[in-house]
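# Observations on chain architecture
So you can see what is in the structure, the chains are spelled out below.
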Amino acid sequence: MNGAIEVRNLVKRYPDFVLENVSFRVPEGSIVGFIGENGAGKSTTMKAILGLIKRDDGEISLLGEPDGAREEALKEQIGVVFDENCFPEHISREDVNRMLKAIFKNWQEKLFFKLCERFGIPGKKKIKEYSRGMKMKLSIAVAMSHQARLLILDEATSGLDPVVRAEILDMLREFVMDEHHTVFFSSHITSDIEKIADYILLIHKGRILLYEDRDTLLEQYALVRCSDEVAAKLDPKTVVGVRHGRFDTEVLVRSREGLKPGEHLAVDRVSLEDILLYTAEKPENERCIK
(Lines give C-alpha, C1' and ligand atoms only; values in the text may rest on other atoms or scores of the structure.)
Protein backbone atom coordinates (compact mmCIF):
# COMPACT_ATOMS: atom_id res chain seq x y z
CA MET A 1 0.00 0.00 0.00
CA ASN A 2 1.38 3.42 -0.98
CA GLY A 3 2.03 6.10 1.60
CA ALA A 4 -0.11 9.25 1.35
CA ILE A 5 2.12 10.89 3.98
CA GLU A 6 5.62 9.78 4.94
CA VAL A 7 7.41 11.59 7.74
CA ARG A 8 10.99 10.63 8.61
CA ASN A 9 12.88 11.98 11.63
CA LEU A 10 11.04 15.30 11.68
CA VAL A 11 12.57 17.85 14.07
CA LYS A 12 11.23 21.31 14.94
CA ARG A 13 12.76 23.30 17.80
CA TYR A 14 11.16 26.14 19.74
CA PRO A 15 12.54 27.77 22.90
CA ASP A 16 10.10 25.82 25.10
CA PHE A 17 9.23 22.82 22.92
CA VAL A 18 10.92 20.31 20.63
CA LEU A 19 9.35 18.01 18.06
CA GLU A 20 11.84 15.16 18.33
CA ASN A 21 12.59 12.74 15.48
CA VAL A 22 8.93 12.19 14.58
CA SER A 23 8.47 9.39 12.03
CA PHE A 24 5.31 7.72 10.72
CA ARG A 25 3.57 6.68 7.52
CA VAL A 26 -0.09 7.27 6.60
CA PRO A 27 -1.21 4.50 4.19
CA GLU A 28 -3.20 5.52 1.14
CA GLY A 29 -6.91 4.74 1.48
CA SER A 30 -6.94 4.92 5.29
CA ILE A 31 -8.06 7.23 8.09
CA VAL A 32 -5.32 7.88 10.64
CA GLY A 33 -6.38 9.46 13.93
CA PHE A 34 -3.76 11.71 15.53
CA ILE A 35 -4.17 12.11 19.30
CA GLY A 36 -2.30 13.79 22.14
CA GLU A 37 -2.87 16.34 24.87
CA ASN A 38 -2.73 20.13 24.32
CA GLY A 39 0.79 21.14 23.40
CA ALA A 40 1.86 17.60 22.49
CA GLY A 41 2.89 18.60 18.96
CA LYS A 42 -0.08 17.68 16.76
CA SER A 43 -0.56 21.08 15.13
CA THR A 44 3.20 21.60 14.79
CA THR A 45 3.48 18.26 12.98
CA MET A 46 0.61 19.11 10.64
CA LYS A 47 1.98 22.57 9.85
CA ALA A 48 5.38 21.04 9.06
CA ILE A 49 3.73 18.49 6.74
CA LEU A 50 1.96 21.31 4.90
CA GLY A 51 5.08 23.47 4.69
CA LEU A 52 3.51 26.20 6.83
CA ILE A 53 6.49 26.21 9.18
CA LYS A 54 10.15 25.57 8.46
CA ARG A 55 11.42 22.31 9.91
CA ASP A 56 14.88 21.99 11.45
CA ASP A 57 15.49 18.47 10.20
CA GLY A 58 13.81 15.44 8.68
CA GLU A 59 12.06 14.50 5.43
CA ILE A 60 8.39 14.65 4.40
CA SER A 61 6.82 13.29 1.23
CA LEU A 62 3.18 13.63 0.20
CA LEU A 63 1.18 11.45 -2.19
CA GLY A 64 4.31 9.71 -3.38
CA GLU A 65 6.02 12.95 -4.41
CA PRO A 66 9.62 13.51 -3.25
CA ASP A 67 10.43 15.75 -0.31
CA GLY A 68 10.31 19.40 -1.31
CA ALA A 69 7.75 18.94 -4.09
CA ARG A 70 5.14 21.61 -3.45
CA GLU A 71 4.07 22.38 -7.00
CA GLU A 72 0.54 23.54 -7.71
CA ALA A 73 -0.58 20.13 -9.01
CA LEU A 74 0.31 18.55 -5.66
CA LYS A 75 -1.32 21.28 -3.60
CA GLU A 76 -4.58 20.83 -5.51
CA GLN A 77 -4.71 17.22 -4.34
CA ILE A 78 -4.62 18.16 -0.64
CA GLY A 79 -7.64 19.47 1.25
CA VAL A 80 -6.94 21.18 4.58
CA VAL A 81 -9.31 22.07 7.43
CA PHE A 82 -8.14 23.85 10.58
CA ASP A 83 -10.20 24.52 13.69
CA GLU A 84 -10.88 28.14 12.73
CA ASN A 85 -12.73 29.64 9.78
CA CYS A 86 -10.25 30.66 7.07
CA PHE A 87 -12.64 32.68 4.87
CA PRO A 88 -13.44 36.42 5.13
CA GLU A 89 -16.46 36.89 7.39
CA HIS A 90 -18.23 39.32 5.05
CA ILE A 91 -18.62 36.91 2.09
CA SER A 92 -21.28 34.26 1.39
CA ARG A 93 -21.28 30.67 0.15
CA GLU A 94 -21.81 31.98 -3.40
CA ASP A 95 -18.76 34.24 -3.06
CA VAL A 96 -16.66 31.31 -1.82
CA ASN A 97 -17.61 29.34 -4.93
CA ARG A 98 -16.73 32.18 -7.32
CA MET A 99 -13.41 32.79 -5.58
CA LEU A 100 -12.28 29.17 -5.48
CA LYS A 101 -13.45 28.44 -9.02
CA ALA A 102 -10.84 30.98 -10.11
CA ILE A 103 -8.13 29.44 -7.91
CA PHE A 104 -8.48 25.66 -8.30
CA LYS A 105 -8.08 24.12 -11.73
CA ASN A 106 -10.13 21.11 -10.63
CA TRP A 107 -12.85 22.98 -8.77
CA GLN A 108 -16.12 21.02 -8.85
CA GLU A 109 -18.89 23.58 -8.57
CA LYS A 110 -21.74 21.06 -8.73
CA LEU A 111 -20.20 18.93 -6.00
CA PHE A 112 -19.59 21.98 -3.82
CA PHE A 113 -23.22 23.08 -4.01
CA LYS A 114 -24.39 19.51 -3.49
CA LEU A 115 -22.32 19.27 -0.31
CA CYS A 116 -23.56 22.68 0.81
CA GLU A 117 -27.16 21.56 0.39
CA ARG A 118 -26.47 18.32 2.23
CA PHE A 119 -24.88 20.27 5.10
CA GLY A 120 -27.62 22.91 5.10
CA ILE A 121 -25.21 25.75 4.34
CA PRO A 122 -27.24 28.82 3.27
CA GLY A 123 -26.48 30.58 0.00
CA LYS A 124 -27.19 34.22 0.86
CA LYS A 125 -26.08 34.54 4.48
CA LYS A 126 -22.69 36.05 5.25
CA ILE A 127 -20.18 33.74 6.91
CA LYS A 128 -20.17 35.97 10.01
CA GLU A 129 -23.79 34.88 10.59
CA TYR A 130 -22.88 31.17 10.51
CA SER A 131 -22.63 29.06 13.63
CA ARG A 132 -19.25 27.47 14.40
CA GLY A 133 -20.57 24.15 13.10
CA MET A 134 -21.75 25.74 9.86
CA LYS A 135 -18.35 27.36 9.30
CA MET A 136 -16.63 24.03 9.83
CA LYS A 137 -18.99 22.26 7.41
CA LEU A 138 -18.28 24.95 4.80
CA SER A 139 -14.53 24.37 5.21
CA ILE A 140 -14.99 20.61 4.77
CA ALA A 141 -17.23 21.10 1.72
CA VAL A 142 -14.47 23.23 0.17
CA ALA A 143 -11.76 20.69 1.03
CA MET A 144 -13.73 17.95 -0.72
CA SER A 145 -14.65 19.94 -3.84
CA HIS A 146 -11.37 20.23 -5.74
CA GLN A 147 -10.61 16.52 -6.32
CA ALA A 148 -8.36 16.26 -3.27
CA ARG A 149 -6.90 12.82 -2.60
CA LEU A 150 -5.68 13.68 0.89
CA LEU A 151 -7.62 15.47 3.63
CA ILE A 152 -5.71 16.89 6.60
CA LEU A 153 -7.98 18.02 9.43
CA ASP A 154 -6.69 19.65 12.61
CA GLU A 155 -9.32 19.65 15.40
CA ALA A 156 -12.11 19.94 12.82
CA THR A 157 -14.78 18.60 15.21
CA SER A 158 -13.73 20.41 18.39
CA GLY A 159 -16.48 22.50 19.96
CA LEU A 160 -19.20 21.08 17.70
CA ASP A 161 -22.37 19.40 18.90
CA PRO A 162 -22.76 15.61 18.50
CA VAL A 163 -25.15 15.88 15.54
CA VAL A 164 -22.78 18.04 13.48
CA ARG A 165 -19.82 15.87 14.44
CA ALA A 166 -21.69 12.75 13.31
CA GLU A 167 -22.39 14.38 9.92
CA ILE A 168 -18.71 15.20 9.46
CA LEU A 169 -17.59 11.69 10.44
CA ASP A 170 -20.04 10.20 7.93
CA MET A 171 -18.57 12.41 5.20
CA LEU A 172 -15.05 11.26 6.05
CA ARG A 173 -16.10 7.59 5.91
CA GLU A 174 -17.64 8.14 2.48
CA PHE A 175 -14.54 9.98 1.28
CA VAL A 176 -12.20 7.03 1.93
CA MET A 177 -14.51 4.51 0.24
CA ASP A 178 -12.42 5.36 -2.80
CA GLU A 179 -9.18 3.57 -1.89
CA HIS A 180 -7.14 6.43 -3.34
CA HIS A 181 -8.52 8.88 -0.77
CA THR A 182 -6.87 9.35 2.63
CA VAL A 183 -7.67 11.26 5.84
CA PHE A 184 -5.19 12.43 8.49
CA PHE A 185 -7.34 13.66 11.35
CA SER A 186 -6.44 15.14 14.76
CA SER A 187 -8.96 15.68 17.54
CA HIS A 188 -9.19 16.02 21.31
CA ILE A 189 -12.47 14.11 21.04
CA THR A 190 -11.01 10.62 21.14
CA SER A 191 -14.45 9.01 20.77
CA ASP A 192 -14.71 10.54 17.26
CA ILE A 193 -11.37 9.07 16.26
CA GLU A 194 -12.28 5.75 17.85
CA LYS A 195 -15.37 5.57 15.62
CA ILE A 196 -13.70 6.07 12.24
CA ALA A 197 -9.90 5.71 12.36
CA ASP A 198 -8.13 2.70 10.88
CA TYR A 199 -4.89 3.57 12.71
CA ILE A 200 -4.09 5.52 15.87
CA LEU A 201 -1.03 7.77 16.17
CA LEU A 202 -0.27 9.11 19.67
CA ILE A 203 2.16 11.95 20.34
CA HIS A 204 3.26 13.24 23.75
CA LYS A 205 5.69 16.09 24.43
CA GLY A 206 6.93 16.07 20.86
CA ARG A 207 7.57 12.31 20.64
CA ILE A 208 5.56 9.54 18.99
CA LEU A 209 4.70 7.01 21.68
CA LEU A 210 2.34 4.71 19.82
CA TYR A 211 1.21 3.92 16.28
CA GLU A 212 -1.12 0.97 15.92
CA ASP A 213 -4.07 -0.47 14.05
CA ARG A 214 -7.17 0.67 15.97
CA ASP A 215 -8.87 -2.71 16.22
CA THR A 216 -5.69 -4.44 17.36
CA LEU A 217 -5.08 -1.70 19.89
CA LEU A 218 -8.54 -1.86 21.45
CA GLU A 219 -8.61 -5.66 21.46
CA GLN A 220 -5.15 -6.20 22.95
CA TYR A 221 -4.99 -3.40 25.53
CA ALA A 222 -6.89 -3.85 28.79
CA LEU A 223 -7.64 -1.95 31.99
CA VAL A 224 -6.90 -4.10 35.02
CA ARG A 225 -8.47 -3.32 38.42
CA CYS A 226 -6.75 -5.00 41.33
CA SER A 227 -4.89 -4.51 44.61
CA ASP A 228 -1.43 -2.98 44.84
CA GLU A 229 -0.04 -6.42 45.62
CA VAL A 230 -1.52 -7.98 42.47
CA ALA A 231 -0.48 -4.97 40.36
CA ALA A 232 3.12 -5.42 41.49
CA LYS A 233 3.11 -8.96 40.05
CA LEU A 234 2.01 -7.92 36.55
CA ASP A 235 4.61 -8.19 33.81
CA PRO A 236 6.28 -4.74 33.79
CA LYS A 237 6.93 -5.06 30.05
CA THR A 238 3.18 -4.89 29.39
CA VAL A 239 2.37 -2.06 31.82
CA VAL A 240 1.59 1.27 30.15
CA GLY A 241 0.47 3.23 33.21
CA VAL A 242 -0.79 2.91 36.78
CA ARG A 243 -3.30 4.84 38.86
CA HIS A 244 -3.60 4.22 42.59
CA GLY A 245 -7.10 4.72 43.96
CA ARG A 246 -8.54 4.69 47.46
CA PHE A 247 -9.92 1.16 47.17
CA ASP A 248 -8.05 -0.40 44.27
CA THR A 249 -5.36 0.14 41.65
CA GLU A 250 -5.97 0.56 37.92
CA VAL A 251 -3.31 -0.62 35.50
CA LEU A 252 -3.36 -0.17 31.73
CA VAL A 253 -1.60 -3.07 30.03
CA ARG A 254 -0.85 -3.55 26.34
CA SER A 255 -1.57 -7.29 26.36
CA ARG A 256 -4.36 -9.41 27.83
CA GLU A 257 -2.21 -12.52 27.64
CA GLY A 258 -1.96 -14.32 30.96
CA LEU A 259 -4.64 -12.23 32.69
CA LYS A 260 -7.12 -14.35 34.65
CA PRO A 261 -10.09 -12.40 36.00
CA GLY A 262 -11.02 -13.45 39.51
CA GLU A 263 -11.84 -12.22 42.98
CA HIS A 264 -8.81 -9.91 43.15
CA LEU A 265 -8.48 -8.94 39.50
CA ALA A 266 -10.97 -7.48 37.01
CA VAL A 267 -10.23 -6.92 33.33
CA ASP A 268 -12.12 -4.22 31.39
CA ARG A 269 -12.10 -3.05 27.80
CA VAL A 270 -10.28 0.20 27.10
CA SER A 271 -11.08 3.34 25.14
CA LEU A 272 -8.67 5.62 23.31
CA GLU A 273 -9.19 8.12 26.11
CA ASP A 274 -7.88 5.54 28.62
CA ILE A 275 -4.83 4.88 26.45
CA LEU A 276 -4.12 8.60 26.04
CA LEU A 277 -4.49 9.37 29.76
CA TYR A 278 -2.38 6.50 31.04
CA THR A 279 0.30 6.87 28.39
CA ALA A 280 0.66 10.61 28.99
CA GLU A 281 0.88 10.13 32.76
CA LYS A 282 3.58 7.46 32.69
CA PRO A 283 7.07 8.76 33.60
CA GLU A 284 9.31 9.32 30.56
CA ASN A 285 11.89 6.74 31.61
CA GLU A 286 9.23 4.06 31.89
CA ARG A 287 7.76 4.47 28.41
CA CYS A 288 8.47 2.33 25.41
CA ILE A 289 7.07 2.84 21.92
CA LYS A 290 4.80 0.11 20.59
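Refer to the preceding data block for the structure.
Residues numbered from 1 in each chain as written. Predicted model: local features only at pLDDT ≥ 70, side-chain atom pairs only at ≥ 80, totals over all residues. Heavy atoms only, no water.

A word on the nonpolar core. Residues Val 96, Leu 138, Leu 151, Leu 153, Val 183, Phe 185 and Ile 275 are the most contacted members of the largest nonpolar core, which totals 56 residues. At seven residues, helix α5 (residues 132-143) tops the list of elements feeding residues into this core. Each residue touching Val 183, except ones within four places of it in the same chain, is listed here: Ser 30, Ile 31, Val 32, Leu 151, Leu 153, Leu 172, Phe 175 and Val 176. Ranked by size, the runner-up nonpolar core spans 27 residues in total, among them Leu 10, Val 22, Leu 62 and Leu 74. (Core = buried A, V, L, I, M, F, W, Y, C linked by side-chain atoms within 4.5 Å. Buried < 20%, exposed > 50% of the residue type's maximum accessible area, 1.4 Å probe, protein only. Helix = DSSP H or I, 4+ residues; strand = E, 2+ residues; numbered from the N terminus. Contact = heavy atoms within 4.5 Å.)

Across all of its chains, the model carries 16 salt bridges by this definition. For Glu 28, the salt bridge goes to Arg 149, with nearest N and O atoms at 3.1 Å. Remark: Arg 149 occurs in the loop between α5 and β6 (150-154) and Glu 28 occurs in the loop between β2 (17-27) and β3 (31-35); sequence separation between them is 121 residues. We classify Arg 149 as partly exposed; its relative accessible area is 25%. A salt bridge links Lys 101 to Glu 109; the nearest nitrogen and oxygen atoms lie 3.1 Å apart. Residue Glu 109 is classed as partly exposed on the basis of its relative accessible area, which comes to 31%. Salt bridges here are not isolated pairs; linked through shared partners, they connect Glu 6, Arg 8, Arg 25 and Glu 59. (Salt bridge = Lys/Arg side-chain N within 4 Å of Asp/Glu carboxyl O.)

So, on to the state of the cysteines. On inspection of all chains with the given rule, the structure shows zero disulfides. The thiol sulfur of Cys 86 is not disulfide-bonded, and the nearest other cysteine sulfur, from Cys 116, lies at 13 Å. On the accessibility criterion, Cys 86 (61% relative accessible area) is exposed. (Disulfide = S-S within 2.5 Å.)

Shape is all these values report; function is a separate question.
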